[in-house]
Amino acid sequence: MTHEEKIIERLKTEQKLSAEELDCLLTTEDTEAVERLRAEARTAAQAVYGKQIYIRGLIEFTNYCKNDCYYCGIRRGNACAERYRLTKEQILSCCAAGYELGFRTFVLQGGEGIVPVHEVCSLVSEIKERYPDCAVTLSLGEYIRSEYEQMYYAGASRYSLHHITADKEHFERLHPRGMSFDSRMSCLRELKDIGFRIGCGFVVGSPYQTPHMLAKELKFIEELQPDMCDIIPFVPHKDTPFSSFPSGSLLQTAYLLSLVRLIKPNLLLPSAAILDSIAEDGRERSIKAGANAVTVDLSPMPVCDKYSLHDCKTDVGEIKQELEQLRTLIERLGYRAVFDGGEVKR
């Protein structure tokens with residue numbers, strides 16, 4: 001057994017490693033160890049969730065944003081972005097269409113600092129009243145604790161807040177002054193303390209990232225113990241200061257999915273749609289690496305392409321056609337598509 005394989009075995013049994021051991025796995029060129037890690041990640045996911053892949057409905061209801069993140073296509077300073085904001089009636093219409101198709105989880109996502117808490121709560125309450133068997137996930141950025149509490153008591157049970165990077169100095173190179181690393185981390189901990197099922201998220205291959213920083217990401221996941229974690233590759237957007245930086249690697253993204261799966265086997269790990277934009281088999285490779293959730297965009301056709309965080313938004317066809325394609329992929333890989341609330345299993 002190689003040194004890397006011994007580390008993988010310890011990760012599998014103890015679900016944690018030292019920073020030095022993580023550095024070793026992140027820089028290894030041992031292809032057999034990489035393949036073993038992927039196989040162990042699949043086994044770990046199946047031990048908790050069986051052969052189920054959870055399908056969620058995404059509603060991107062505004063691309064207005066107060067932040068000016070250097071990597072994001074909907075950043076405040078992007079004058080080329082065609083802005084929109086769906087009405088409450090439009091959002092509820094998306095939910096109605098999704099419910100008819102079988103969706104039982106709705107993810108409401110939008111730019112930060114735009115939607116007042118009373119509007120969020122009114123929307124969540126209405127969705128829960130109409131569809132009490134559905135879970136509502138929010139991804140709307142930073143609020144103060146009392147506002148998060150209002151959202152929770154309105155019926156939202158999950159909250160996704162991407163931290164982008166667990167390294168403070170790196171965070172400050174990716175964001176302008178006025179955005180606080182400490183505030184981001186504090187929000188995640190407050191959300192968890194309130195009772196939300198929390199999701200965090202980081203970017204692989206972002207500008208200035210090093211293997212040591214990725215090791216810090218994994219230690220952060222180990223410490224935070226989130227319920228969900230989005231792991232996506234960096235893809236440059238033409239209307240941002242980082243437009244000339246190279247994209248992140250699908251191979252490295254899938255590898256990190258496997259590592260995170262072994263650190264916390266009961267995570268809901270999404271297979272991001274962005275992966276299919278950098279490789280035809282992107283989602284397939286992420287599922288093989290341990291991902292167990294996929295998202296389908298339920299947003300109205302005229303606005304789908306305006307919510308452009310990166311320059312790789314795929315053409316949005318009919319939702320039914322996309323679902324059929326996903327089912328075909330999932331079944332070909334030996335899994336089963338599941339549309340229920342998809343609660344994290346303890």
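The structure presented is a predicted model; accordingly, all values stated were derived computationally and were not measured.

Attention now goes to the overall build of the protein. For the protein, the helix and strand inventory stands at 14 helices and 8 strands. Taken against the 2.2 N^0.38 rule, which gives 20 Å for 346 residues, the C-alpha radius of gyration of the protein at 19 Å falls within 12% of a compact globule. With respect to the principal axes defined by its C-alpha atoms, the protein has extents near 60 × 45 × 40 Å. Contacts in the protein between residues at least 24 apart in sequence constitute 75% of all its contacts with a sequence separation of at least 6. Summing over all exposed atoms, the protein offers an accessible surface of approximately 14,500 Å²; the carbon and sulfur share of this is 50%. Charge separation in the protein, taken as the distance between the mean sites of 43 positive and 51 negative side-chain charges, equals 2 Å.

Moving on, we get to helix 3 (residues 31-49). The end-to-end C-alpha distance of helix 3, which contains 19 residues, comes to 27 Å, matching closely the 27 Å that a straight helix rising 1.5 Å per residue would cover. Turning to helix 3, its buried residues number three or more, namely Ala33, Arg36, Leu37, Glu40, Ala41, Ala44, Ala45 and Tyr49. Those residues of helix 3 that are buried are in contact with helix 1 (3-14), strand 1 (52-62) and helix 10 (250-263). Where helix 3 begins, the side chain of Asp30 points an oxygen toward the backbone nitrogen of Glu32, at a separation of 3.1 Å.

This part takes up the packing of aromatic side chains. Scanning the model with the defined rule gives 14 aromatic pairs in all. Summarising the aromatic geometry, the rings of Phe106 and Tyr131 are spaced 6.2 Å apart at their centres and angled 65 degrees between planes, so their arrangement reads as edge-to-face. Here Phe106, found in strand 2 (residues 105-110), pairs with Tyr131, found in the loop between helix 5 (117-130) and strand 3 (135-139); they are 25 residues apart in sequence, far enough to count as distant. For Tyr131, a relative accessible area of 10% puts it in the buried group. Lys51 extends its terminal NZ or CZ atom over the ring of Tyr335, reaching a point 5.0 Å from the ring centre. The ring of Tyr208 is capped by Arg173, whose NZ or CZ atom sits 3.7 Å from the centre of that ring.

To continue, consider the side chain of Glu40. Along the chain, Glu40 falls in helix 3. Glu40 sits in the buried class, given a relative accessible area of 15%. Within the structure, the side chain of Glu40 is placed 3.4 Å from the side chain of Lys12, a separation counted as a polar contact. The contacts of Glu40, once residues within four sequence positions are left out, are Ile8, Lys12 and Leu262.

The subject of this paragraph is helix 10. Over its 14 residues, helix 10 runs 20 Å from end to end, which matches the ideal 20 Å to within 8%, given 1.5 Å per residue. Burial runs high along helix 10: 12 of the 14 residues are buried. Those residues of helix 10 that fall on the buried side of the exposure criterion are Leu250, Thr253, Ala254, Tyr255, Leu256, Leu257, Ser258, Leu259, Val260, Arg261, Leu262 and Ile263. Structurally, the start of helix 10 carries an N-cap: the backbone nitrogen of Leu251 is 3.1 Å from a side-chain oxygen of Ser249.

Right, let's talk about the pairing of strand 3 for a bit. Counting buried positions along strand 3 yields 5 of 5 residues, so the element is predominantly enclosed. Alternating residues of strand 3 divide into Ala135, Thr137 and Ser139 and Val136 and Leu138, and every residue in both groups is buried. With 5 bridges joining them, strand 2 and strand 3 adopt parallel strand pairing. Bridge pairing in strand 3 places Gln109 opposite Ser139. For the handedness criterion, the β-α-β arrangement of strand 2, helix 5 and strand 3 is classed as right-handed. When strand 3 meets strand 4 (residues 158-160), the two strands line up parallel, connected through 2 bridges. Across the sheet, the residue bridging to Leu138 is Tyr159, located in strand 4. Between the parallel elements strand 3 and strand 4, the chain passes through helix 6 (residues 145-154) in a crossover that is right-handed.

With that settled, the discussion passes to the confidence of the model for the protein. Per-residue confidence for the protein averages 93 on the pLDDT scale, and 95% of its residues sit at or above 70. Predicted confidence is poor over residues 309-317, with pLDDT under 50, and the contacts of this stretch with residues over four places away or in other chains come to 28 contacts.

Let us now look at the nonpolar core. Counting 106 residues, the largest nonpolar core has Leu138, Tyr148, Met151 and Tyr159 as the members making the most contacts within it. Per-element accounting of this core gives the leading share, 9 residues, to helix 10. Excluding residues that lie within four positions of it along the chain, Tyr148 makes contacts with Gly141, Glu142, Tyr143, Tyr159, Leu161, Cys187, Leu191, Ile194 and Phe196. By size, the runner-up hydrophobic cluster in this structure holds 7 residues, among which are Tyr54, Leu268, Ala293 and Val344.

Our next topic: the packing of helix 6 against helix 8 (residues 181-194). One can describe the packing of helix 6 onto helix 8 by two numbers: an axis separation of 10 Å at closest approach and a directional angle of 40 degrees. Overall, the two elements helix 6 and helix 8 adopt an arrangement that is oblique. Pair helix 6 / helix 8 crosses with right-handed handedness. Residues Arg145, Tyr148, Glu149 and Tyr152 of helix 6 pack against Cys187, Glu190, Leu191, Asp193 and Ile194 of helix 8. In terms of residue class, the contact of helix 6 with helix 8 is made up of 5 nonpolar, no polar and 4 charged.

The next subject is the pairing of strand 2. Taking burial as the measure, the 6 residues of strand 2 include 6 buried ones, the bulk of the element. Residues Thr105, Val107 and Gln109 of strand 2 are buried on one face, and the alternating residues Phe106, Leu108 and Gly110, pointing to the opposite face, are buried as well. Here 5 bridges tie strand 1 to strand 2, and the two strands are oriented parallel to one another. Residue Glu60 lies in a different strand from strand 2, and its bridge partner there is Gln109. Following the backbone out of strand 1, through helix 4 (residues 88-100) and into the adjacent parallel strand 2, one traces a crossover that is right-handed.

What counts as what
- Residues numbered from 1 in each chain as written.
- Predicted model: local features only at pLDDT ≥ 70, side-chain atom pairs only at ≥ 80, totals over all residues.
- Heavy atoms only, no water.
- Helix = DSSP H or I, 4+ residues; strand = E, 2+ residues; numbered from the N terminus.
- Rg over C-alpha atoms; globule rule 2.2 N^0.38 Å.
- Contact = heavy atoms within 4.5 Å.
- Areas by Shrake-Rupley, 256 points an atom, 1.4 Å probe, with all protein chains shown as cover.
- Lys, Arg positive; Asp, Glu negative; His and termini not counted.
- Charge placed at Lys NZ, Arg CZ, Asp CG, Glu CD.
- Expected span 1.5 Å × (residues − 1).
- Buried < 20%, exposed > 50% of the residue type's maximum accessible area, 1.4 Å probe, protein only.
- Polar contact = N/O pair within 3.5 Å; in protein donor to acceptor, adjacent residues only side chain to side chain.
- Phe/Tyr/Trp six-rings, centres within 6.5 Å; stacked < 30°, edge-to-face > 60°.
- Lys NZ or Arg CZ within 6 Å of the ring centre and 35° of its normal.
- Pairing = 2+ DSSP bridges.
- Right-handed = clockwise from strand over helix to strand, strands pointing away.
- pLDDT = per-residue confidence, 0-100.
- Core = buried A, V, L, I, M, F, W, Y, C linked by side-chain atoms within 4.5 Å.
- Axes fitted to C-alpha atoms, helices over the stretch in contact; angles between N-to-C directions.
- Parallel < 35°, antiparallel > 145°, perpendicular 65-115°, else oblique.
- Left-handed = near helix turned anticlockwise from the far one by under 90°.
- Nonpolar A, V, L, I, M, F, W, Y, C, P; charged D, E, K, R; others polar.

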